[in-house]
Amino acid sequence: MNSSKLHLFIDFEFTMPENRHTPKYFFPEIIEVGLVVVKNEKILYDYSSYVRPKAFPVLTDRCRKFLNISQKEIDSGISFFDLINVLTKFHEENETTIITWGNMDMKVLRKNCDFHSIEFPFKGTFVDLSMEYKRFFGDQNQTGLWKAVQEYGKEGTGKHHRALDDAYTTYNIFKLVEKDKRYLAKPKPTTIGDRIDLSKITNKYAL
């Protein structure tokens, strides 16, 4: 981890269709954002907000029940344009790493930008931490966010499927994985000179 770079830990929650055919022409929209901004291994800022969907403004029953969220809460959220302004505010071009659990967050963000005819806000480095986790532990399948943190003997932050709580949980797993990477890194081989103080041997036989 290059701690001098800005790290954005992001989680979005999306709208969900009622079923395969309802609503017609459905695509997921961001309805909640959780953002944790980290630099030099310190949390600089966090942000959380609901976001109003535009294409399908009324949540389906399935979405409300799964996310335990109300239509009133979503209606009180910021616009998608405001969301982009927030994300852009914390983006430093070529000096930012965007970290998510899975690749859906950025896919949906890009799709939503296209729908609103807005430029995608990020140009930094992207890390799908779920794939890093999978490769690191040699898992055949991708592991869910909260299952991953529980496999470390920890618990997720707050409630699962709340954007800011999931963003913090992603950050916590990132720290655990980075710590394990450093621990498992092969140390530089020692030399005989490192193991033996040759100056003492030289002085002994110089007498």
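Structure shown above.
Residues numbered from 1 in each chain as written. Predicted model: local features only at pLDDT ≥ 70, side-chain atom pairs only at ≥ 80, totals over all residues. Heavy atoms only, no water.

**Regarding the environment of Phe12**
Part 1 of the argument: Assignment of secondary structure puts Phe12 in strand 1 (residues 6-14).
Part 2 of the argument: On a C-alpha basis, the gap between Phe12 and Ile31 in space is 7.3 Å, while along the polypeptide they are 19 residues apart.
Part 3 of the argument: Aside from chain neighbours lying at most four places away, what touches Phe12 is Ile30, Glu32, Val33, Leu83, Leu87, Asp105, Met106 and Leu109. (Helix = DSSP H or I, 4+ residues; strand = E, 2+ residues; numbered from the N terminus. Contact = heavy atoms within 4.5 Å.)

**Re the packing of aromatic side chains**
Part 1 of the argument: For the coordinates displayed, the defined rule picks out 11 aromatic pairs.
Part 2 of the argument: Look at Phe9 and Phe174: their rings are 5.2 Å apart centre to centre, the planes differ by 70°, and that puts the pair in the edge-to-face class. On the criterion of sequence distance, the pair formed by Phe9 in strand 1 and Phe174 in helix 7 (residues 163-184) is long-range, its members being 165 residues apart. Like Phe9, the residue Phe174 is buried in the burial classification. (Phe/Tyr/Trp six-rings, centres within 6.5 Å; stacked < 30°, edge-to-face > 60°. Buried < 20%, exposed > 50% of the residue type's maximum accessible area, 1.4 Å probe, protein only.)

**Remarks on the pattern of salt bridges**
Part 1 of the argument: Evaluated as defined, the whole model comprises four salt bridges.
Part 2 of the argument: Between Arg162 and Glu32 there is a salt bridge, with the nearest N and O atoms lying 3.2 Å from each other. Of this pair, Arg162 sits in the loop between helix 6 (145-151) and helix 7 while Glu32 sits in strand 2 (residues 30-39), placing them 130 residues apart in sequence.
Part 3 of the argument: Residue classification places Arg162 among the partly exposed positions, given a relative accessible area of 29%.
Part 4 of the argument: Take Glu32: its relative accessible area is 3%, and that puts it in the buried class.
Part 5 of the argument: Note that Asp61 is salt-bridged to Arg64, the shortest N-O span being 2.0 Å. Highlighted residues: Asp61 and Arg64, both in helix 1 (residues 61-67), separated by three residues, approximately one helical turn. (Salt bridge = Lys/Arg side-chain N within 4 Å of Asp/Glu carboxyl O.)

These figures come from the coordinates and say nothing about function on their own.
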